[in-house]
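# Descriptive analysis of the structure
Listed below are the residues making up each chain.
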Amino acid sequence: MAIISASILAADLSRLKEELERVKPFIDEIHLDVMDGHFVPNLTFGYPMIETLRTFTDLPIDAHLMVTNPDDHIKLFIEKGATRVTIHQETCYHLHRSVELIKSLGAEAFVAINPATSIYTLEEILSYADGILVMTVNPGFSGQKFIPTMMEKIKRLNEIRKERNLSFKIAVDGGVGNSNAQDLINIGVNILVMGYGVFRNDKLHELNKFRM
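Throughout what follows, the structure given in this document is the object of discussion. (Residues numbered from 1 in each chain as written. Predicted model: local features only at pLDDT ≥ 70, side-chain atom pairs only at ≥ 80, totals over all residues. Heavy atoms only, no water.)

### Remarks on the pairing of strand β2 (residues 29-35)
Within β2, seven of the seven residues are buried, which leaves the element mostly enclosed by the surrounding structure. Taking every second residue as pointing to the same face, both faces of β2 are buried, with Glu29, His31, Asp33 and Met35 on one and Ile30, Leu32 and Val34 on the other. Following the chain from strand β1 (residues 3-7) across helix α1 (residues 16-23) to the adjacent parallel β2, one finds a crossover that is right-handed. Of the strand pairs in this sheet, β2 and strand β3 (residues 61-66) are connected by six bridges, and their pairing is parallel. Note that in β3 the partner of isoleucine 30 across the bridge is isoleucine 61. (Buried < 20%, exposed > 50% of the residue type's maximum accessible area, 1.4 Å probe, protein only. Helix = DSSP H or I, 4+ residues; strand = E, 2+ residues; numbered from the N terminus. Right-handed = clockwise from strand over helix to strand, strands pointing away. Pairing = 2+ DSSP bridges.)

Structure (structure tokens):
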């Protein structure tokens, strides 16, 4: 079983409160995609969005910083209400320092990797990170199709976790839905990030069979 993390990028933002109320029985947390138009080709949410969310929900919030300067934003996102901060291996000059900063501020620290980034670039951070987010699409837009070859990447990451007796969680983000959720859980995934898979799912009730 897994945690369902609802990516609000796929929600109807004109009625966000109602959207979250609608899906709340089927999700465990909120995934906030913070995009800067530089590291990824899109602009999305900033501090005002997490402030808004905190006016009507107490669900855990993962601030996924798809930005070129994550260290500049970690502290404020946590102060505004993020319970987890996910940073990209590709954008952090001093990844261990960034991970330790997040943890010192009382939030979970996850490290994300893009589809073309090898899991072996994480060799020295696995003992420190609370989790690894495997991007199963190229980041930047909601509604993309899952990249099939990412299954082998996830399997190998799970094998490394077992071999080294580590406790980090494995999350996946991109193209996740009813059709592949169980397959991902079976290979070791703990957190399923879903955008269309939550907010545009006509069989939303089926998500509960995947949840912890």
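More follows now that the structure is in view.
### Notes on the environment of aspartate 72
Note that aspartate 72 resides in the loop between β3 and α3 (74-80). Separated by 3.1 Å, the side chains of aspartate 72 and asparagine 69 make a polar contact. (Polar contact = N/O pair within 3.5 Å; in protein donor to acceptor, adjacent residues only side chain to side chain.)

### Points about the sheet that holds strand β5 (residues 108-113)
Adjacent strands of a sheet pair through backbone hydrogen bonds, lying either parallel or antiparallel. The strand order around the closed barrel built from eight strands is β1-β2-β3-β4-β5-β6-β7-β8, with neighbouring strands paired in parallel fashion. Mean inter-strand twist for the sheet, computed between neighbouring axes without regard to direction, equals 25 degrees. In this sheet, strand β6 (residues 131-135) lies alongside β5 in parallel orientation, the contact comprising four bridges. What sits directly across from valine 111, in β6, is isoleucine 132. Packing against the sheet, helix α4 (residues 95-104) makes contact with β4 (84-88) and β5, and its axis sits at approximately 145 degrees to β5. (Axes fitted to C-alpha atoms, helices over the stretch in contact; angles between N-to-C directions. Contact = heavy atoms within 4.5 Å.)

### So, the pairing of β5
Of all six residues in β5, five are buried, a share of seventy percent or more. Across five bridges, the pairing between β4 and β5 is parallel. Within the sheet, the bridge partner assigned to histidine 88 lies in β5 and is alanine 112.

### Topic: the environment of leucine 184
With respect to the secondary-structure elements, leucine 184 resides in helix α6 (residues 181-186). The exposure class assigned to leucine 184 is buried, which follows from its relative accessible area of 0%. If we ignore the near neighbours within four places in the chain, the residues touching leucine 184 are Phe146, Met151, Ile154, Val172, Val176, Val189 and Leu192.

### With respect to α4
Listed in full, the buried residues belonging to α4 are Leu95, Ser98, Val99 and Ile102. Seen along its axis, α4 keeps its buried residues to an arc of 100 degrees; they face one direction. Counted as exposed and oriented over 90 degrees from the buried face of α4: Arg97 and Ser104. The secondary structure elements touched by the buried residues of α4 are α3, β4 and β5. At the exit of α4 stands glycine 106, carrying a positive phi of roughly 90 degrees. (Arc of directions from axis to C-beta.)

### Comments concerning the packing of aromatic side chains
Here the structure, examined in full by the defined rule, presents one aromatic pair. Considering the side-chain rings of tyrosine 47 and phenylalanine 77, the 4.7 Å spacing of their centres and the 50 degrees angle between planes classify their relative orientation as tilted. Taken together, the positions of tyrosine 47 in helix α2 (residues 47-53) and phenylalanine 77 in helix α3 put the pair 30 residues apart, joining distant regions of the chain. Phenylalanine 77 gets classed as buried once you look at its relative accessible area, which sits at 2%. A cation over an aromatic ring shows up here: arginine 84 above the ring of phenylalanine 110, its NZ or CZ 4.4 Å from the ring centre. A cation over a ring is seen here: arginine 200 above tyrosine 196, with NZ or CZ 4.2 Å from the ring centre. (Phe/Tyr/Trp six-rings, centres within 6.5 Å; stacked < 30°, edge-to-face > 60°. Lys NZ or Arg CZ within 6 Å of the ring centre and 35° of its normal.)

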